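# Structural features, examined
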Amino acid sequence: MTRLNVMIVDDEVLAIEHIKALIDWEAEGFCIAGEFFRPLQAFPKIMELKPDLIVADIRMPNMDGIELSKRLLSAGFRGRIILLTSYKEFDYVKEALRLGIVSYLVKHELDAESLRSELSKVKEVIAEEQRRSAMVLRQYLKDLTEGRVPAEELAVEAASSKRVKGKQFVYVVVSVEEPFPVVPYKEVETPPSIWHGELPELPLYEIELAYKKNGKVGFLLMTLPVASRKGAIDMHADAAFRLKAHLEEVCPGVPVCTSYSEPFDRLEALSVIHRNTVAQLTSCLFVRGTKIVGPGHGDDSTQLDTRVVPVMEKVVELFRQGDLASMESMLDNAFEKAAKFRSVPYLREICGRLVTAMDIVRSERGLPALRRLGEEGVIRTQEWRTVEGIKLWLLAKVHETMTGNGKSSPNSRKIREACDYISVNLAEELSAEMIASRVGISGEHLRHLFKQEMGLTLHDYITACRMEQAKGLLQSGHFKLYEISERVGYKSSHYFSKIFCKTVGMSPLDYAEARGDVR
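Residues numbered from 1 in each chain as written. Predicted model: local features only at pLDDT ≥ 70, side-chain atom pairs only at ≥ 80, totals over all residues. Heavy atoms only, no water.

Our focus in this paragraph is the overall build of the protein. Per the secondary structure count, the protein includes 20 helices and ten strands. Pairs at least 24 apart in sequence give 68% of the contacts found in the protein among residues at least 6 apart. (Helix = DSSP H or I, 4+ residues; strand = E, 2+ residues; numbered from the N terminus. Contact = heavy atoms within 4.5 Å.)

Below you can see the structure in the form of structure tokens.
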């Protein structure tokens, strides 16, 4: 526990010096934050600094210790009070206890041991109050961020907490980086937890955990108000960066992104602020490098979102006509606008309309629908974390859709499932055992079924699929040769070229020479 602040109020200078010299206050966990000879001067300073403990004489001119205590308590002071008296005045003692004052000490009986004993009791009481206050505040924050209406008593107690009163807040959400939902997809793993143990420490801030669920952690940061709004936002941005860095250090190798809110001073506003700050996380896919967004960094493109509809209708029309070159040009422009304005609705409209158009054509060609593959959890989503990655993935699927042909497949369900898995994981290292485990049979059985039903080996089928996808990527003109080889599962572009030449009858460069697509 940090040191507790103490103020001493006594009209006798020697009495104050005696109390200060009795013990090593810092060694006992206390800090003398002020000393006053007149209660009238002490009162405003106590209300400003809000010490944890006041040690005050009962008998003082103008205002005695009882009257000072009454005024402080009626003004909302929540610290502890110990009164000193020169002799046992039971009427004063009874009045003090009735007010709820911690204790009283008789001056001429006061020694180091009795003072230490009394301070130890004070520390225990304050520590217990702080634990209870933290539990109440944390439960209140949890109710707000999880969409529940907190009990009125809980709200009142949390709002009156010493940690909260008079503070400015900022809310920071740190999340495991999630793919943008280009098509609906099934999460095959629970997101890893990115926060363990004690709360991190930040200069100028107190921190409380407000939310922890589904790979996201929400922190309420509390600090003294900053006069300048720009100064406050800059300070809070720095705190958000530090929190993100801390969690990245705690969970190395886990990609995270961070969103922080506007400054606010009403704790009950956290319910709405939590939803907005979580929603703001999606804008991280528009941010290169830092993956952190703050207020004003999200979507601000209401008019732009309405204009995407005719654009995408034209893109879909060109796609259906097979004019892929014109379609890609329009799609490039659409993605540029989405990135420029950081418009999540615009991006969602692009993906939704293009995926719908592709699924219609894929159905006509006997290919598995992208939405079905996503819902079954066999689509590779790693590329959906940046706008550029999403665009390239969609273009690859456009070419796969236009060049693939799975019509009138009489194959068994296991073989169809295996083919679906292969079609969306060509960039991965594919083995019979791995594919077989995904469809629930043995590797040997899969090899036998493939040869029996498809008329070729599993290895030859995978190679043929990779070469078909490579042809589409070569025709797109968007990729270098080494990028194409990686996207179709070959670590060496030299080896890829060798297999392509053997399968297709010409080199990749010769295949693309007419359009000069490989750079």
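Okay, helix H11 (residues 344–364) next. The terminal C-alpha atoms of H11 lie 30 Å apart, and with 21 residues this matches the ideal 30 Å at 1.5 Å per residue to within 8%. When H11 is considered as a whole, its buried residues turn out to be Val344, Tyr346, Leu347, Ile350, Cys351, Leu354, Val355, Ala357, Met358, Asp359, Val361 and Arg362. The backbone nitrogen of tyrosine 346 lies 3.1 Å from a side-chain oxygen of the residue at the head of H11, namely serine 343. Glycine 366 sits one or two positions beyond H11 and adopts a positive phi of about 80°. (Expected span 1.5 Å × (residues − 1). Buried < 20%, exposed > 50% of the residue type's maximum accessible area, 1.4 Å probe, protein only. Polar contact = N/O pair within 3.5 Å; in protein donor to acceptor, adjacent residues only side chain to side chain.)

Moving on, we get to the sheet that holds strand S6 (residues 168–176). Across the sheet, which stays open at both edges, the five strands sit in the order S7-S8-S6-S9-S10 with mixed pairing between neighbours. Taken across any chain shown, the strands that pair with only one partner, and hence form the sheet edges, are strand S7 (206–213) and strand S10 (292–293). Two elements, S7 and strand S8 (residues 216–223), share seven bridges in a ladder whose sense is antiparallel. Within S8, the position partnered with leucine 209 by the bridge is phenylalanine 219. Contacting S6, S7 and S8, helix H5 (residues 112–145) runs over the sheet at an angle of about 45° to S7. Across the sheet, helix H8 (residues 270–280) lies against S6, S7, S8, strand S9 (256–260) and S10, angled at about 40° from S6, the strand it touches most. (Pairing = 2+ DSSP bridges. Axes fitted to C-alpha atoms, helices over the stretch in contact; angles between N-to-C directions.)

Under the criterion given, the structure shown has eight aromatic pairs. Aromatic pair tyrosine 490 and phenylalanine 496: ring centres 5.9 Å apart, planes at 40°, arrangement tilted. Classification of tyrosine 490 by relative accessible area gives buried; the value is 8%. Of the aromatic side chains, those joined through ring pairs into one cluster are Tyr490, Tyr495, Phe496 and Phe500. (Phe/Tyr/Trp six-rings, centres within 6.5 Å; stacked < 30°, edge-to-face > 60°.)

A few words now on the environment of asparagine 62. Of note, asparagine 62 is situated in the loop between strand S3 (53–57) and helix H3 (65–74). A residue is classified by how much of its surface remains accessible, and asparagine 62, at 76% relative accessible area, is exposed. Between the C-alpha atoms of asparagine 62 and leucine 40, which are 22 residues apart in sequence, the distance is 8.0 Å.

Attention shifts here to the pairing of S6. Counting buried residues along S6, nine of its nine residues qualify, which places the element largely inside the surrounding structure. On S6, burial covers both faces: Gln168, Val170, Val172, Val174 and Val176 on one face and Phe169, Tyr171, Val173 and Ser175 on the other are all buried. Sheet topology note: the S6/S8 ladder contains eight bridges and is antiparallel. Residue glutamine 168 lies in a different strand from S8, and its bridge partner there is threonine 223. Direction of pairing for S6 relative to S9: antiparallel, over a ladder of five bridges. Among the inter-strand pairings, valine 173 is bridged to a residue of S9, identified as serine 259.

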